[in-house]
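Tertiary structure, described
Spelled out from the first residue to the last, the chains are:
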Amino acid sequence: MTTNNYDYDYLIIGSGFGGSVSACRLTEKGYSVAVMEMGRRWEAKDFAKNNWNTRRWIWRPGMKLFGYFNMRFFRHVTIICGNAVGGGSITYANTLLVPPEHIWDEGTWADAADWKNEMPQHYAKAERMLGVTDNKIFGPADHMLKKMGEAVGVGHTFKPTRVATFFPPEGEEGGKTYPDPYFNGEGPDRGTCTACGGCMTGCKHNAKNTLDKNYLYFAEKNGAKVYEETKVVDVKPLNGKADGSDGYEVTTECSSSWFNKQRRTWRVRNVIFSASSLGTQEMLFRLKQSGSLPNISDDLGNRVRTNAESILGVRFFGKDVDM
Ligand SMILES: Cc1cc2nc3c(=O)[nH]c(=O)nc-3n(C[C@H](O)[C@H](O)[C@H](O)COP(=O)(O)OP(=O)(O)OC[C@H]3O[C@@H](n4cnc5c(N)ncnc54)[C@H](O)[C@@H]3O)c2cc1C
């Protein structure tokens, strides 16, 4: 379906959840797709032993730190995010919860669609693609959490987390390699979880179902080209047609080099912004202010929410148990 005078039908900015799903589905429909990702590509063997190795953990190219985890500090909020091929999936905690029904009655989205009927099928499909299952290995921290719940009278609320992890078959140790267990053998080989607790520092056992093992894997298999360490810095409508009806010119630079920026332009029919909430908004503000995309709504940046999560630290005084 590639067309004359265009490098790609779709150029996708960011290879995280939004970008990988888009790439997978668009290539299935026969479109030519490029995915621009400013982070690096990581494999199980590349992850550092722990996150004291900041050079291989933190993403801050200006300081020569080329990891996959990023922290951005603002006046009222600190944002943590992933920068890598596979986006946040490389460093995220791997727990995938389906929200309770009442969520669809709240917030600015409440009246936009019949969410209660529409969403379950999409969650079911995403769970299948990501191999979401109940956590099957209970470690000391799980047992302690259960005990604490019981102690304060809420023991009945304890349940295994839903995680995108490949667990060993019952009675087997983790750390073994199996042919693709999820996609009738069409996907990559997978390793089984060893319960090492390293999901957020990068899974060294190939057991975490990161996007490069499902959506992005199939996108690439279907012909999508992923350009790693490639940052999108400008997007302009072609021929001055602000509605984008002639497509766009996209400019990229090498994200990991200070001097040799390898600036390049691409002519594409469509652009998908999936550079995470922060990355996309940052880019859209810049493109609006620079005049590259002047028609972006003045509403940009309003009604932005965090994911309303609380991260709690708990001190445990037991000496003999490694939590
Ligand atoms: C430590 C941590 C733990 C988390 N745990 C969970 C969890 O357990 N469960 C859960 O549901 N969610 C979790 N999250 C949140 C989840 O990872 C994000 O909600 C999700 O990754 C967002 O998907 P996205 O597609 O919007 O963006 P991302 O997955 O962040 O992908 C965006 C990609 O765009 C790239 N990019 C940005 N700007 C540019 C540019 N200009 N040019 C090229 N590329 C660019 C980035 O490098 C990044 O790889 C966690 C996040 C973190 C950081």
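Residues numbered from 1 in each chain as written. Predicted model: local features only at pLDDT ≥ 70, side-chain atom pairs only at ≥ 80, totals over all residues. Heavy atoms only, no water.

The pairing of strand S1 (residues 8-13) with strand S14 (residues 264-273) spans five bridges and is parallel. Note on S14: the bridge partner recorded for Tyr10 is Asn270. Examined bridge by bridge, strand S13 (residues 248-254) and S14 share five bridges and lie antiparallel to one another. Looking at S14, one finds that Thr251 is bridged to Thr265. (Pairing = 2+ DSSP bridges. Helix = DSSP H or I, 4+ residues; strand = E, 2+ residues; numbered from the N terminus.)

What surrounds the ligand is a group of 31 residues, the closest being Gly18, Glu37, Asn83, Gly88 and Thr95. Within the contact set of the ligand, an oxygen atom lies 3.2 Å away from a backbone nitrogen or oxygen of Ala84. Interatomic distance of 3.0 Å between a backbone N/O atom of Val232 and a nitrogen atom of the ligand. In isolation the ligand has 1,000 Å² of accessible area, and contact with the protein removes 81% of it. When its residues are assigned to classes, the shell around the ligand shows 15 nonpolar, 14 polar and two charged. (Near = heavy atom within 4 Å. Polar contact = N/O pair within 3.5 Å; in protein donor to acceptor, adjacent residues only side chain to side chain. Areas by Shrake-Rupley, 256 points an atom, 1.4 Å probe, with all protein chains shown as cover. Nonpolar A, V, L, I, M, F, W, Y, C, P; charged D, E, K, R; others polar.)

The next subject is helix H3 (residues 115-130). Along its 16 residues, H3 runs 21 Å from first to last C-alpha, staying within 8% of the 22 Å computed at 1.5 Å per residue. Every buried residue belonging to H3 is among Trp115, Met119, Met129 and Leu130, and all of these are buried. Projected down its long axis, H3 carries its buried residues within an arc of 85 degrees, all on one side. Away from its buried face, by an angle of more than 90 degrees, H3 presents the exposed residues Asn117 and Arg128. For H3, the elements touching its buried residues are helix H1 (17-28), strand S7 (132-134), strand S8 (162-164) and helix H5 (215-221). (Expected span 1.5 Å × (residues − 1). Buried < 20%, exposed > 50% of the residue type's maximum accessible area, 1.4 Å probe, protein only. Arc of directions from axis to C-beta. Contact = heavy atoms within 4.5 Å.)

Parsing the chain into structural domains produces domain 1 (1-94 + 209-323) and domain 2 (134-208). For domain 1 and domain 2, the distance between their C-alpha centroids amounts to 27 Å. Across the contact, 25 residues belong to domain 1 and 25 residues belong to domain 2. Summed over both sides, the interface of domain 1 with domain 2 buries roughly 2,000 Å², with 58% coming from carbon and sulfur. Inspection of the region where domain 1 meets domain 2 yields one salt bridge. (Domains from an automatic or database assignment. Buried area = accessible area lost by both parts, 1.4 Å probe. Salt bridge = Lys/Arg side-chain N within 4 Å of Asp/Glu carboxyl O.)

Turning our attention to the sheet that holds strand S12 (residues 230-237). The sheet built from six strands is open, its strands ordered S11-S2-S1-S14-S13-S12 with mixed pairing. Sheet topology places strand S11 (225-227) and S12 at the edges, where each strand pairs with a single neighbour. Between one strand axis and the next, the sheet turns by 40 degrees as a mean value, whatever way the strands run. Packed on one face of the sheet, H1 meets S1, strand S2 (33-36) and S14 and runs near 165 degrees to S1. Packed onto the sheet, helix H6 (residues 276-290) meets S1, S12 and S14 and runs at close to 40 degrees relative to S12. (Axes fitted to C-alpha atoms, helices over the stretch in contact; angles between N-to-C directions.)

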